[in-house]
Amino acid sequence: RFIAKPCAINLGIQDSGPHRAQPNAILEKVFTSITKSPDAKRLEGLSKQLDWDVRKIQRWFRHRRNQDKPTTLTKFCESMWRFTFYLSIFFYGIRFLWTAPWFWDTRQCWYNYPFQPLTSRLYYYYILELAFYWSLMFSQFTDIKRKDFLIMFVHHLATIGLITFSYMNNMVRVGTLVLCLHDASDFLLEAAKLANYAKYQRVCDAFFMLFGVVFIVTRLGIYPFWILNTTLFESWELIGPYPSWWLFNGLLVTLQVLHIIWSYLIVRTASKALVRGKVSKDDRSDVESSSEEEDVTSNSTKGVFSTSSNGSNRLNGHVAGGQWTGE
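Residues numbered from 1 in each chain as written. Predicted model: local features only at pLDDT ≥ 70, side-chain atom pairs only at ≥ 80, totals over all residues. Heavy atoms only, no water.

Per an unreviewed UniProt entry, the chain is named CERS5 synthase, and its organism is Tyrannus savana. According to UniProt, the comment filed for the chain under the heading Catalytic activity (unreviewed entry) is "sphinganine + octadecanoyl-CoA = N-(octadecanoyl)-sphinganine + CoA + H(+)". (UniProt positions renumbered as here; feature names shortened; annotations may be inferred.)

Turning to the overall build of the chain, a few remarks are in order. When its secondary structure is counted, the chain shows 12 helices and zero strands. Among the 327 residues that make up the chain, the fraction classed as buried is 51%. Carbon and sulfur atoms make up 63% of the accessible area of the chain, which amounts to about 16,000 Å² in all. (Helix = DSSP H or I, 4+ residues; strand = E, 2+ residues; numbered from the N terminus. Buried < 20%, exposed > 50% of the residue type's maximum accessible area, 1.4 Å probe, protein only. Areas by Shrake-Rupley, 256 points an atom, 1.4 Å probe, with all protein chains shown as cover.)

Quick look at helix H2 (residues 25-33) now. Here H2 has its buried residues at Leu27, Val30 and Phe31. Take H2 and look down its axis: the buried residues cluster within an arc of 100°, on one side only. Every exposed residue of H2 that faces more than 90 degrees away from the buried side is listed here: Ala25, Lys29, Thr32 and Ser33. In this structure, the buried residues of H2 make contact with helix H3 (40-50) and helix H4 (54-66). (Arc of directions from axis to C-beta. Contact = heavy atoms within 4.5 Å.)

Turning our attention to the environment of Phe187. In this fold, Phe187 is placed in helix H9 (residues 172-197). Between the C-alpha atoms of Phe187 and Phe207, which are 20 residues apart in sequence, the distance is 9.7 Å. Non-local contacts of Phe187, meaning those with residues more than four positions away in its chain, are made with Phe83, Tyr86, Leu87 and Phe90.

This part takes up the packing of H3 against H4. Across the interface, H3 lies against H4 with an axial gap of 9 Å and an inter-helix angle of 110°. As summarised for this structure, H3 and H4 are arranged roughly perpendicular, according to the angle between their axes. Contacts between H3 and H4 involve Leu43, Glu44, Leu46 and Ser47 from the first element and Val54, Ile57, Gln58 and Phe61 from the second. For the contact of H3 with H4, the per-class residue count stands at five nonpolar, two polar and one charged. (Axes fitted to C-alpha atoms, helices over the stretch in contact; angles between N-to-C directions. Parallel < 35°, antiparallel > 145°, perpendicular 65-115°, else oblique. Nonpolar A, V, L, I, M, F, W, Y, C, P; charged D, E, K, R; others polar.)

Taken as a whole, the largest cavity encloses approximately 150 Å³ of empty space. Where the lining of the largest cavity is concerned, the elements lending two or more residues are helix H7 (120-139), helix H8 (149-168), H9 and helix H11 (245-276). The element that contributes the greatest number of residues to the lining of the largest cavity is H9, accounting for five residues. Looking at the lining of the largest cavity residue by residue, the class counts come to nine nonpolar, four polar and two charged. (1 Å grid on protein atoms, 1.4 Å probe; cavity = no way out; pocket = protein on both sides within 12 Å on 5 of 7 lines; lining within 4 Å. Points joined across faces, edges and corners; volume = space filled by probe spheres on them.)

Applying the stated criterion across every chain yields a total of 26 aromatic pairs. With 6.0 Å between their ring centres and 50° between their planes, Trp81 and Phe85 make a pair best called tilted. Placement of the pair is Trp81 and Phe85 together in helix H5 (residues 72-98), with a separation of four residues, close to one helical turn. Owing to a relative accessible area of 49%, Trp81 belongs among the partly exposed residues under this scheme. Each ring, one from Trp98 and one from Trp104, has its centre 4.9 Å from the other, and the planes form 80°; the classification is edge-to-face. (Phe/Tyr/Trp six-rings, centres within 6.5 Å; stacked < 30°, edge-to-face > 60°.)

Counting residues in each nonpolar core, the largest one holds 55 residues, and the members touching the most others are Leu97, Trp102, Tyr223 and Phe248. Taken together, the elements giving at least two residues each to this core come down to H5, helix H6 (101-104), H7, H8, H9, helix H10 (201-239) and H11. In terms of residues, this core owes the most to one element, H9, which gives 12 residues. Aside from chain neighbours lying at most four places away, what touches Leu97 is Trp102, Phe103, Trp104, Thr176, Leu177 and Cys180. By size, the runner-up hydrophobic cluster in this structure holds 10 residues, among which are Val30, Phe31, Leu46 and Phe61. (Core = buried A, V, L, I, M, F, W, Y, C linked by side-chain atoms within 4.5 Å.)

A word on the UniProt feature "transmembrane region" (unreviewed entry) in the chain. The UniProt feature table records "transmembrane region" (unreviewed entry) at residues 83-103, 123-142, 207-226 and 246-267. Here residues 83-103 is 90% helix and 0% strand, with 25 Å between the C-alpha atoms at its ends. Within the segment residues 246-267, helix and strand shares are 100% and 0% respectively, and the terminal C-alpha atoms sit 31 Å apart.

Okay, structure coming up:
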């Protein structure tokens with residue numbers, strides 16, 4: 001409200017929403033009480049009742065659905081908040097882990113386990129991350145519904161479960177490695193969104209491409225060969241098959257499956273951008289988008305992101321059309 005909004009206004013971002021549907025008591029009653037997406041039979045009945053063309057009624061419902069979406073200014077403010085958090089927590093984690101012995105030798109995560117001290121810096125790092133992911137879990141139900149809603153819901157559950165479980169079992173050393181690794185790419189995605197909303201397309205594309213490279217390197221390279229290697233094999237070698245070994249590693253493997261899905265979507269979006277010079281539709285876009293928005297996107301948007309996108313979050317959760325959120 002006091003930082004992001006003035007920045008958005010200085011960048012020329014207007015607080016204007018999508019085209020509003022013209023007032024109509026009958027259609028409004030159907031929209032609020034019966035259905036937001038009427039089928040062909042109901043459309044035909046409304047057409048006869050109002051003496052309107054079916055296409056006009058469809059357009060009215062589309063506009064009515066879209067008018068509840070957040071404005072570009074709202075999306076900019078949300079992305080700026082996420083960018084600030086991700087960037088701050090990433091540098092806090094790097095600064096903390098740089099002097100930690102287990103950052104350079106993952107076997108240190110298991111020496112003297114479970115009798116490892118919990119320092120105040122480590123405690124605050126964990127609590128901040130846990131609080132943030134709980135906020136993402138709650139806000140997901142109030143944000144605009146996306147095609148990857150279920151994937152993001154599973155991701156947040158797995159993340160909260162891992163943070164809580166590792167804290168309760170004093171596996172915080174390896175937990176800090178997982179948290180820092182996941183934060184490495186998220187602030188780049190939010191930076192790409194900010195550039196997209198401000199209509200700095202080249203900056204947006206550059207940040208998105210950098211995000212894609214960092215995401216794939218960290219999630220498909222470092223994560224399985226560094227994190228999963230120590231939790232699956234080094235822990236088994238040093239402390240044996242502890243009772244919760246299967247649950248802990250099961251959650252970590254679940255995250256890896258989600259990483260593969262998101263990496264595929266990122267690569268597909270980047271490929272479209274390189275081949276066509278533009279992306280007309282995001283692979284995890286809003287469930288609803290207006291025809292006017294689609295026309296603007298297809299005619300004027302170059303690069304990876306679409307200016308008509310919604311920046312809700314959560315890859316909060318991830319990809320293009322300016323609509324990737326994180327994890």
